[in-house]
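This is what each chain is made of:
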Amino acid sequence: MTINWTEIETKWRNKWQENKDFETNPNDKPKKFITVAYPYPNSPQHIGHGRTYTLADVHARFYRMKGYNVLFPMGFHYTGTPVLGMAKRIKDEEKEILEGLRNIYHVPEDAIKTFVDPIKIADYFHEEIKSGMIEMGYSIDWRREFTTIVPGYQKFIEWQITTLREKGRIIQGSHPVGWCPECKNPVSQHDTLGDVEPKIDDKNFLIKFKLDDFVFPITTLRPETIFGITNLWVNPNTVYKKVTVDDETWIVSEECAKKIEFFEKKVAVIGEIPGSDVIGKNVKNHDGRDIPILPADFVEPGMGTGLVMSVPAHAPKDYQALMDLKAKNHELASKLEPIPIIVTEGYGSIPAKDIVEKMGISDQSDTKLEDATKELYLKEFTDGKLNDKCGQFNGEKVQFGRDKIRSWLQDNSNLEKFPVLEESVRCRCGCDCVVKVLNNQWFLNYGDEEWKKLARQCLDEMNILPSNIKTEFIEVIDWLHERACARQQGLGTKLPWDNDWIVESLSDSVIYMAYYTISRFVNDGTVTPENLTKEFFDYVLIDKGDVTLVASTSNLDENTIDMIKKEFSYFYPVDSRHSGRDLVQNHLSFFVLNHVAIFDKKLWPQEIVVNGSVMMDGAKMSKSMGNIIPLRKAIQDHGADPIRLAIISSAELLQDADFNMESVSGIQSKLESLLEECSRLRNESVGELEPEDKWILSKTQSKIAQITEAVEKMRLREALHDILFTFETDLNWYQKRTQAKSRDDISGILHQVNSTRVAMLSPFAPHIAEEMWEKLENSDLVSKTQWPEYSKEQVDATAIQAEELLKSTIEDIANILKVTKISPQKIVIYVNSDEFKSKVYHKILSIMVGGQNNMGVVMKELIADPETTDAKKMPDFVQKTIKDLHSESEEIKKMKLESSGFNEKEFLANELASIGKKEFGVDITVYSESDSEIYDPKGKARHARPFKPAILIE
RNA sequence: GCGGGAGUCGCCCAGCCUGGUCAAAGGCGUAGGGCUUAGGACCCUAUCUCUUAGGAGUUCGUGGGUUCAAAUCCCACCUCCCGCACCA
C-alpha cells in the first residue's frame, strides 16, 4: 500500500484544527506547560530546526494522552541584528546572499524586493516557518503567538528589565567591542569581510612610566618583566604625539593616539615631539627608579604605544639592541647591564644572552630574533620562577605570578587595560576595525555569588534530561560573569531608563514563557498593550500590590485582571523547556538565572530537555555545503510523519543525529505495512485464550511499561524503536506459533495488540496514527484516547516463562542440528520430573533473585535448609543450574519464582509438536524422565534439568 | 589555558547511569537461498575463532585496580571532537 502522505496528513490536520484540539485554557485537569526556544526568522527552517520542535511536540502529545491539560505555544524572536545585516547586504545587491535566497531558499522575487526592510525579512520567514510547523503537525496553541517586537511583548520586556534593575541585578560598566570607525557601529561576525569574528584580546595591558608631567605608556603581555627593566626604547626616526588622556598627558605614536580615541577616555592631541628629543632622558619606574630612554630602530610605531620597555636579561631583542649600542660605545648604554629576574632550568643567569649566542645572532636586524623570542617567552612562562629581585613575588612561578603582579600594579594605578584585536579585521564597508570601549554599558551581573547560589539550587531541584548534562550546567553557572544586556543597534525593546540602548536579544528571551499566558488576551483584544503597566505585571506575575490599584493604573476591570492572573498561576511554572545543546551555555543558563532572580521558588522551571544537533549524511549542515534540506521541502517529498520518525530514530536525545534519506524511506515502508495490517484487522471477539495468546498479551503489557518509561525520560529513540520494531519481533513469533497451529481466530487479539501499538505511536507519527486508528475502526481520535496503562494483573507470568521454555528448547534443537549437521528423522524431548531437583531449582532461584550468585554461598544456603541439604551430593547440577539462571533476565527469574506450579511436560507435549513440525519437519515426542514406557536408547533422559529438557535427535 | 564529550565485533551505531539477561541489539556490507525471463526491490539464513550434542576460547582505545563476576565501577595514559560570550 503506497500512502499519499499529503492527503492523509492534511485530512487529520484539518480535523484537529476544526476541533480546536490544541487550544488550551485553564481547567480542572493537572497541567503541563511545555515550551521550546522560539525561532529567529532569518531563514526557513531546515531539518535540524525540526528536531527540537518535534521532540517537544511528542512530549506534549504524550502528556495530553496521559490526561494532562497541555499548553504548547510558540512565538517568534525578531530581536537582534542578523536581519539588519541581511537587509543591508540585499540593499547593496550582494550576489552571494541574493543567490542563496533564490536558489537554496526559493524565495520569490517579489518578496526579495521587500527585503531591504529587515522586518519584512523576519515577517516572510516567520510565515514560512509557521507553515512548516503546522505541516509538521505540531500541536501548538496558535492563539498565543507573538513576535518579540509587538508592543505588548515590549511592555513585558520593559517590566522584566526594570524589575531586574530594581532587584540590583543590573550594573553599569565599560566593555570593549570590535568597532568600525566608518560605520560608527560595533561589528560582529556578520558585519566583517569574510565573516571573521573580531576577537578582542582583553589581557593586553599598558604600564605607565613618568617623566615630569608626561606619561610614557608601554604595552606588554609580560608585566612581571618590569622588575628587570633597564631602559625604554624609542624610535629616533618617529615623531611622537603629546596627547591628553583624561587628566594625564601621554607620549605615544600617532597610530596609538588614534586607537585610544575609541577608549572610554577624554583624548586630545596637543602637540608632538620627535623621538630623538627624548633620548637620553630618564623616566621614573613604578618604584621611583630612573630608567633611561635609548634609541632603537626595531621599535614599530604601529605596535602598542610605539614605545618599548627593555628587559635585556629576558628579551632577546632587547639584549641584542643593547649589545649593538655597547659595541658603538654608546655612553649611556655602556653603563647598563641586564637584570635577570626569572630563573629557568636549562638557562644561565642571563637567558637572553644564552639563546642569542646559541642561535648565532649577530645584530638586531637578524630575523632569527623572532624565533628566539618565542622560544624563550614560552619556556619562561611554563617553567620559569621569579627571583628575589621581584620583591614580594619572589619564588612564584611565572604563570601564576604574572596575574598577581598585574593586579598589584593596577591597584597602584601604574597599569591600565589596553584591549586590542587579536587579528586585524575589516568591516564590510572596507574600513579597518578597531577596538572601541563602550562606556556605560549595562550588564547583568551573572558573576554575583548570591545569584549563582540561587541558580544552583534551582538546577539541583530541576529535572534535567538527559541527566548527564547537568554537570555542564553547573560548570556554566560557575563560569558566567557580567554579561552585557543592551546593545546599540538591532531590533528590540529600548531600555526604559536609557533610550540609547536596546535590550540585547538573549536577555529579552529568558522569562518570556510567562507572556504566553497573557498574549492570548492581547491577541483577542481583551487587553491592549497600554493596559500592561508595571503594576499590572507586578500583580499578575509576582503577586505584588493589589488589584484595586492595578485596575486604576492599567484601566482594566478587576475581573479581567484576576482572570489573567489566574491563567498565569495555573500554567506557571514551566514544566518543560526544550532546546538545542548549543544553548546550554547561554540561553538555557540565563533562563534559569533570570527565573530565580525574578520569581518565587514555586514558579521556578521544573525541567529542561536538551537535544543534540542534526547532521546530514554525516556532515554538518551548512549553506556553503549546500546540504541544507528545508523542512517544508522534505515534508512535501516524504511526508511529515516519516520525517518526524526519521529525526527521532536517528539518535538518542543528546547525540548528534545523522539524518539520511534511506532511513526516511525505511520508515515509510514500515508505516505502510503497519497501515495495511491495521486495515485488515477486525475487532472480533476473543475466545478461549491459547498459551501464545496469553503470552503476546502479557508481552504487550511489559512493552507498555517499557515504552512509557522511555518516553517519560525522553528516550524517544528507544521508545519508537520498541513500538516499531521490537513489537514486531514478538508479533513474528506469535505469527509463527499460530500458523503452526493453523489458527484463524487471532484477528481480535492482533487488533487489541495493534490498537495499543498505534496509540503509543500517535505522539510520534500523529497523522498516520489517526489513519490507522480509523482503519482499526476504533472510536474517536487516537490523539484523544488515553495513553495505554500498564496493568500488572494482565501479565501472565506462567505464559511468559512457558513461551520462553518453548523458545529455548527450539533454539537448543537448532543448535545441535547446526553443530552435528545431521538431518533429523526423529526428535525426542525428556522433561525433568525429579521432585528433588525441582525443589533445589526453586531454592536456588529464590537465593539468586535475592541477589546472590556465588556458587559457594548458594551451596551453603542449600545445605542449611533440611529440605535441600542433599544438594551437596550433586554439585554439578547446582553449578549448571546457577549457570542456566545467570543467563536469564531478572524479570523472568521473578516470574518463575511466582508460578511454581508450572507443568513442563504438559505444556511441551501440547505446544512443541506443532511448532516443532513446522521448524524441523519431523515429529517431536515428549517424555517425562520418569515415564515407564520411555524411549531412551542413549540414556539422555537423566540429563534433564528443570527448564532445560534433555534432547535426543536421530 | 578552562570546560564538556567520544573511542564497541569490516563500516555506522546501541549497550555503560542501575556490573551477571553480553560474543554484545539494529542498520550497512558480504555469502548462500527464495522470488523474478534477468536485474532491482523484497523475504529467509549465515556473518570473532574452534567444535559431529545444546559447548569452549579470545574480544568492547591502552595499562592497572575493585569484585565470585567488568564493555559497564575506580585510577592513570593515548587519540579524536566540540564550546569559550555580547552572537542568534
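Below is a short write-up of the structure. (Residues numbered from 1 in each chain as written. Chains lettered and ligands numbered in written order. Predicted model: local features only at pLDDT ≥ 70, side-chain atom pairs only at ≥ 80, totals over all residues. Heavy atoms only, no water.)

This part covers the sheet that holds strand S4 (residues 185-186). Adjacent strands of a sheet form backbone hydrogen bonds with each other and so pair up, either parallel or antiparallel. Reading across the sheet, the 4 strands line up as S4-S3-S19-S21 and stay open at both edges, with antiparallel pairing between neighbours. Sheet topology places S4 and strand S21 (483-484) at the edges, where each strand pairs with a single neighbour. Across 2 bridges, the pairing between strand S19 (residues 434-444) and S21 is antiparallel. Bridging across to S21, Phe 443 finds its partner in Ala 484. (Pairing = 2+ DSSP bridges. Helix = DSSP H or I, 4+ residues; strand = E, 2+ residues; numbered from the N terminus.)

Below, the discussion takes up the layout of surface pockets. In this structure, the second largest pocket encloses a volume near 1400 Å³. For the second largest pocket, the lining is made up of 45 residues, of which Thr 219, Leu 221, Met 303, Gly 304 and Lys 317 are closest to its centre. Residue assignment for the lining of the second largest pocket shows that the elements contributing at least two residues are strand S7 (214-220), strand S14 (307-310), helix H10 (316-327), helix H13 (368-383), strand S18 (420-421) and S19. At 5 residues, H13 tops the list of elements feeding residues into the lining of the second largest pocket. Looking at the lining of the second largest pocket, its residues break down into 22 nonpolar, 11 polar and 12 charged. (1 Å grid on protein atoms, 1.4 Å probe; cavity = no way out; pocket = protein on both sides within 12 Å on 5 of 7 lines; lining within 4 Å. Points joined across faces, edges and corners; volume = space filled by probe spheres on them. Nonpolar A, V, L, I, M, F, W, Y, C, P; charged D, E, K, R; others polar.)

Of all residues adjacent to RNA strand B, which total 47 residues, the nearest are Tyr 40, His 481, Arg 487, Ser 505 and Asn 586. Here RNA strand B approaches the protein such that, of its atoms within 4 Å, sugar and phosphate make up 52%. The contact in question runs from a base nitrogen of RNA strand B to an N or O atom on the side chain of Arg 483, over 2.8 Å. Gln 585 is positioned such that a nitrogen or oxygen atom in its side chain is 3.1 Å from a sugar or linking oxygen of RNA strand B. For the surface near RNA strand B, the secondary structure elements donating two or more residues are helix H16 (470-479), S21, helix H21 (584-598), helix H29 (797-820), helix H32 (875-886) and strand S32 (950-953). Take the surface near RNA strand B: its biggest share by element is 6 residues, from H29. Its residues placed into classes, the surface near RNA strand B shows 13 nonpolar, 21 polar and 13 charged. (Near = heavy atom within 4 Å. Polar contact = N/O pair within 3.5 Å; in protein donor to acceptor, adjacent residues only side chain to side chain.)

In this structure, Phe 156, Leu 541, Phe 599, Leu 761, Phe 764 and Ile 829 are the most contacted members of the largest nonpolar core, which totals 222 residues. For this core, the element with the most residues is helix H26 (residues 716-740), which contributes 10 residues. Setting aside residues up to four positions removed in sequence, Phe 764 forms contacts with Val 58, Arg 644, Leu 645, Ile 648, Val 711, Leu 716, Ala 719, Leu 720 and Ile 723. Judged by nonpolar contacts, the second largest core, of 40 residues, contains Tyr 240, Val 311, Leu 325 and Ile 405. (Core = buried A, V, L, I, M, F, W, Y, C linked by side-chain atoms within 4.5 Å. Buried < 20%, exposed > 50% of the residue type's maximum accessible area, 1.4 Å probe, protein only. Contact = heavy atoms within 4.5 Å.)

One pass over the full model with this rule turns up 50 salt bridges. The salt bridge partner of Lys 326 is Glu 337, with a shortest N-O separation of 2.8 Å. One end of the pair, Lys 326, is in helix H10; the other, Glu 337, is in the loop between helix H11 (331-334) and strand S15 (342-343), with 11 residues separating them in the sequence. Here Glu 690 makes a salt bridge to Lys 741, at a shortest N to O gap of 2.8 Å. Of this pair, Glu 690 sits in the loop between helix H24 (661-680) and helix H25 (691-712) while Lys 741 sits in the loop between H26 and helix H27 (747-761), placing them 51 residues apart in sequence. Residue classification places Glu 690 among the partly exposed positions, given a relative accessible area of 28%. Each of Glu 690, Glu 692, Asp 693, Arg 737, Lys 741, Arg 743, Asp 745, Glu 803 and Glu 911 takes part in salt bridges that share partners, so that together they form one network. (Salt bridge = Lys/Arg side-chain N within 4 Å of Asp/Glu carboxyl O.)

Negative charge collects at one region of the surface, where Asp 546, Asp 557, Glu 558 and Asp 562 lie side by side. Secondary-structure assignment places Asp 546 in the loop between helix H18 (534-542) and helix H19 (547-554). (Patch = residues over 30% accessible without salt bridge, like charges linked within 9 Å, V, L, I, M, F, W, Y side chains within 5 Å. Areas by Shrake-Rupley, 256 points an atom, 1.4 Å probe, with all protein chains shown as cover. Lys, Arg positive; Asp, Glu negative; His and termini not counted. Charge placed at Lys NZ, Arg CZ, Asp CG, Glu CD.)

Assignment of secondary structure puts Ser 554 in helix H19. A distance of 2.7 Å separates a polar side-chain atom of Ser 554 from the backbone oxygen of Val 550. Excluding residues within four positions of it along the chain, Ser 554 makes contact with Asn 531, Thr 533, Phe 536 and Ile 561.

Let's shift gears to the packing of H27 against helix H28 (residues 766-775). Contact geometry of H27 with H28 gives a least axis separation of 9 Å together with a crossing angle of 155°. By the angle between their axes, H27 is roughly antiparallel relative to H28. For the pair H27 and H28, the crossing hand works out as left-handed. Note on element contacts: H28 touches H27 through Ala 769, Met 772 and Trp 773, opposite Ser 755, Val 758, Ala 759 and Leu 761. Classifying every residue of the contact of H27 with H28 by side-chain character gives 6 nonpolar, 1 polar and no charged. (Axes fitted to C-alpha atoms, helices over the stretch in contact; angles between N-to-C directions. Parallel < 35°, antiparallel > 145°, perpendicular 65-115°, else oblique. Left-handed = near helix turned anticlockwise from the far one by under 90°.)

This brings us to the packing of aromatic side chains. Inspection of the entire model under this criterion finds 34 aromatic pairs. Between Phe 536 and Phe 537, the ring centres sit 5.4 Å apart and the planes meet at 75°, which makes this aromatic pair edge-to-face. The exposure class of Phe 536 is buried, given its relative accessible area of 0%. A residue is classified by how much of its surface remains accessible, and Phe 537, at 0% relative accessible area, is buried. When the centroid spacing of 4.8 Å and the interplanar angle of 25° are considered together, the rings of Phe 568 and Tyr 572 count as stacked. When its relative accessible area of 2% is taken as the criterion, Tyr 572 is described as buried. Aromatic ring contacts, followed pair by pair, group Tyr 38, Phe 146, Tyr 153, Phe 156, Trp 159, Tyr 512, Tyr 515, Tyr 516, Phe 536 and Phe 537 into a single cluster. The residue whose ring lies beneath Lys 32 is Tyr 68, and the NZ or CZ to ring-centre distance is 5.0 Å. Positioned above the aromatic ring of Phe 591, the side-chain terminus of Arg 577 is 5.6 Å from the ring centre. (Phe/Tyr/Trp six-rings, centres within 6.5 Å; stacked < 30°, edge-to-face > 60°. Lys NZ or Arg CZ within 6 Å of the ring centre and 35° of its normal.)

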